[in-house]
Amino acid sequence: MDVNLVLRSTRVITPEGTRPASIAVSGGTIAAVLPYEAEVPAGARLEDVGDDVVLPGLVDTHVHVNDPGRTEWEGFWTATRAAAAGGITTLLDMPLNSLPPTTTVENLRVKQEVARAKAHVDVGFWGGALPDNVKDLRPLHDAGVFGFKCFLSPSGVEEFPELDQERLATSLAEISGFDGLMIVHAEDPHHLAAAPQRPGGAYADFLASRPRDAENTAIENLINQARRLDARVHVLHLSSSDALPVLAAAKAEGVKITVESCPHFLTLTAEEIPDGATEFKCCPPIREAVNQDALWQGLADGTIDCIVSDHSPSTADLKTPDFASAWGGISSLQLGLPAIWTEARRRGFDLTDVVRWMSEGPARLAGLTRKGAIEAGRDADFAVLAPEATFTVDPADLQHRNRITAYAGKTLHGVVTSTWLRGERIADNGTLAEPSGRLLERNN
């Protein structure tokens, strides 16, 4: 082995558990996970991080980078810096809210060209499924997108219209023909239309406008479509715990369905949101504490497969005090790991659980076989965490473009001391290196 780096810690999280180890890196790849006291090969550099925990780099498969077209909202430079600072080494960009959206091969190439020189972490792309682009789905798949996102209710931007049930079936039939993956924003438009719509700053009114039934019905319909067409589907940002039993039953039956949730649903509650605090607005919404408890149970029993950010930023002026009109999205790329770790440790989980949810699970979802674990043959992507350390969230310390966050002022456990991409340190106690991320394609 031509080993150039050995990363050593008393706590390394591997598929076999947490143990003292020395990770040998060769050419950006993990060559071996060696005993802690293993001799450092001649010519290799030793980096000993002491008792800090070495995790596989996190994989975030739900990020709205908005670049190009809405780069005043976010961009590849700032989003990937935030990711690196938060221990994320791979992200997948959603097909909206950029202009153009990733709904044709031509549009994909535009986004790839914009991202190429700005990426501090590895970046891949989802395609989009619209009512009129069925002909573009196979070419996008062949061009390397990781799957296709659709909405079942209005997306909030006019260039990305939703699919009704008939068009969903048409797109699913096309995608299942090449064993592609459809990822779904599952809220039923009829339930949303029937819900009370009261403008103003009261969070309770906004919560009532996005009822659990909208999610539950959309998920039931999606399961029926996936079952009938033998299609692979994934439920995005699960908020309603009421849907967990039907999801668990569908999985047990063999329906090809996976599920994600997000840090804000798992760490924030409706009861704590002040009126007018639209930094907490997202769709579907943050629900009650009892709902959150059930989501954690869904993580524990495996009904929920992974945790990803749904980082969906905007400019400050779009976060008006009116919940009905404010932009819906929460920015948490840099804070997802400490937010989840803070709540997980309180609930009796450990960092191996966090790795399963935030690295291994998203990597498996996307088919990223070189990511998601510390073992020989994988990319040498690491997040180094001081899990007992705490910090108070100051928006001024965040790397994403518009420093609005629902976590402002919260004290969190877990400080990311460094992040490593293919054996190179890309973040070091808040200092970011020059961009070295690569553009990823499916099965590449």
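Residues numbered from 1 in each chain as written. Predicted model: local features only at pLDDT ≥ 70, side-chain atom pairs only at ≥ 80, totals over all residues. Heavy atoms only, no water.

## A few points about helix α12 (residues 351–366)
In a regular helix each residue adds 1.5 Å, so 16 residues correspond to 22 Å; α12 covers 22 Å between its end C-alpha atoms and thus fits that length. In terms of burial, α12 is largely enclosed, as 12 of its 16 residues are buried. Residues of α12 that are buried include every one of L351, D353, V354, V355, W357, M358, S359, G361, P362, A363, L365 and A366, and no others. Looking one or two places after α12, you find G367, whose phi comes out positive at around 75 degrees. (Helix = DSSP H or I, 4+ residues; strand = E, 2+ residues; numbered from the N terminus. Expected span 1.5 Å × (residues − 1). Buried < 20%, exposed > 50% of the residue type's maximum accessible area, 1.4 Å probe, protein only.)

## Some words on the packing of aromatic side chains
Counted according to the given criterion, the structure contains 10 aromatic pairs. With centroids separated by 5.2 Å and ring planes inclined at 70 degrees, the aromatic side chains of F349 and W357 adopt a geometry described as edge-to-face. Across this residue pair, the class does not change: F349 and W357 are buried. Chaining the aromatic ring pairs together yields one cluster made of Y203, F206 and F323. When the ring centre of Y36 is taken as origin, the NZ or CZ atom of R8, which lies over that ring, is 5.5 Å away. One Lys or Arg, R70, reaches over the ring of W73 and ends 5.3 Å from the middle of that ring. (Phe/Tyr/Trp six-rings, centres within 6.5 Å; stacked < 30°, edge-to-face > 60°. Lys NZ or Arg CZ within 6 Å of the ring centre and 35° of its normal.)

## With respect to the layout of surface pockets
In this model, the largest pocket occupies a volume close to 630 Å³. Lining the largest pocket are 32 residues; nearest its centre among them are P154, S155, G156, R210 and C283. Contributing elements (two or more residues each) for the lining of the largest pocket: β10 (148–151), α5 (189–194) and α6 (203–209). Take the lining of the largest pocket: its biggest share by element is 3 residues, from α6. Its boundaries defined by the atoms lining it, the second largest pocket holds a volume of some 360 Å³. Every residue lining the second largest pocket is counted, 21 residues in all, and those nearest its centre are A85, Q334, F391, V415 and V416. Breaking the lining of the second largest pocket down by element, the ones donating at least two residues are β15 (382–392), β16 (411–421) and β17 (424–428). Its residues assigned to classes, the lining of the second largest pocket shows 9 nonpolar, 9 polar and 3 charged. (1 Å grid on protein atoms, 1.4 Å probe; cavity = no way out; pocket = protein on both sides within 12 Å on 5 of 7 lines; lining within 4 Å. Points joined across faces, edges and corners; volume = space filled by probe spheres on them. Nonpolar A, V, L, I, M, F, W, Y, C, P; charged D, E, K, R; others polar.)

## Structural notes on the packing of helix α3 (residues 134–142) against helix α4 (residues 165–176)
Between α3 and α4, the least distance of the axes is 10 Å, while the angle of their chain directions is 30 degrees. The orientation of α3 relative to α4 falls into the category roughly parallel. For α3 against α4, the interelement crossing comes out right-handed. Residue-level contacts link V134, L137 and R138 of α3 to T170, S171, E174 and I175 of α4. (Axes fitted to C-alpha atoms, helices over the stretch in contact; angles between N-to-C directions. Parallel < 35°, antiparallel > 145°, perpendicular 65-115°, else oblique. Left-handed = near helix turned anticlockwise from the far one by under 90°. Contact = heavy atoms within 4.5 Å.)

## Observations regarding the pattern of salt bridges
All told, the structure shown has 32 salt bridges when counted by the stated rule. Of the charged contacts in the structure, one is a salt bridge between E272 and K410, with a shortest N-O distance of 3.0 Å. With a gap of 138 residues between them, E272 in the loop between α9 (263–267) and α10 (289–300) and K410 in the loop between β15 and β16 connect regions that are remote in the sequence. The partly exposed category is assigned to E272, whose relative accessible area is 33%. Classification of K410 by relative accessible area gives partly exposed; the value is 27%. Where D353 meets R356, a salt bridge forms, and the shortest distance between an N and an O atom there is 3.1 Å. Highlighted residues: D353 and R356, both in helix α12, separated by 3 residues, approximately one helical turn. Among the ionic contacts, a cluster of salt bridges with common partners joins D122, R370, K371, D379, D381 and R422. (Salt bridge = Lys/Arg side-chain N within 4 Å of Asp/Glu carboxyl O.)

## As for the sheet that holds strand β9 (residues 127–128)
Strands sit in the order β9-β10-β11-β12-β13-β14 across an open sheet of 6 strands; the sheet is parallel. For this open sheet the edge positions go to β9 and β14 (306–307), each flanked by a neighbour on one side alone. Pairing of strand β12 (residues 232–235) with strand β13 (residues 257–261) involves 3 bridges; the strand directions are parallel. Directly across from V235, in β13, lies its bridge partner V259. Along the sheet face, α4 touches β10, β11 (181–185) and β12 and points at about 150 degrees away from the line of β11. (Pairing = 2+ DSSP bridges.)

## Some thoughts on the packing of helix α7 (residues 212–229) against helix α8 (residues 244–253)
Across the interface, α7 lies against α8 with an axial gap of 10 Å and an inter-helix angle of 10 degrees. What the angle tells us is that α7 and α8 run roughly parallel. For the pair formed by α7 and α8, the contact residues are I219, E220, I223 and R227 on the first element and V246, L247, A250 and E253 on the second. Among the residues making up the contact of α7 with α8, the classes are represented as 5 nonpolar, no polar and 3 charged.

## Regarding empty space enclosed by the protein
For the structure on display, the rule yields 3 cavities of 30 Å³ or more. Size it by volume and the largest cavity reaches roughly 90 Å³. Contributing to the lining of the largest cavity are 14 residues, with L58, D60, I88, S309 and M358 lying nearest its centre. With 3 residues, strand β6 (residues 58–63) is the single largest residue contributor to the lining of the largest cavity. When its residues are assigned to classes, the lining of the largest cavity shows 9 nonpolar, 4 polar and 1 charged. Here the second largest cavity defines a volume of roughly 70 Å³. Contributing to the lining of the second largest cavity are E279, S312, P313, S314, K319, G329, I330, S331, N402, I404, T405 and A406. Here the residues of the lining of the second largest cavity are counted per class, giving 4 nonpolar, 6 polar and 2 charged.

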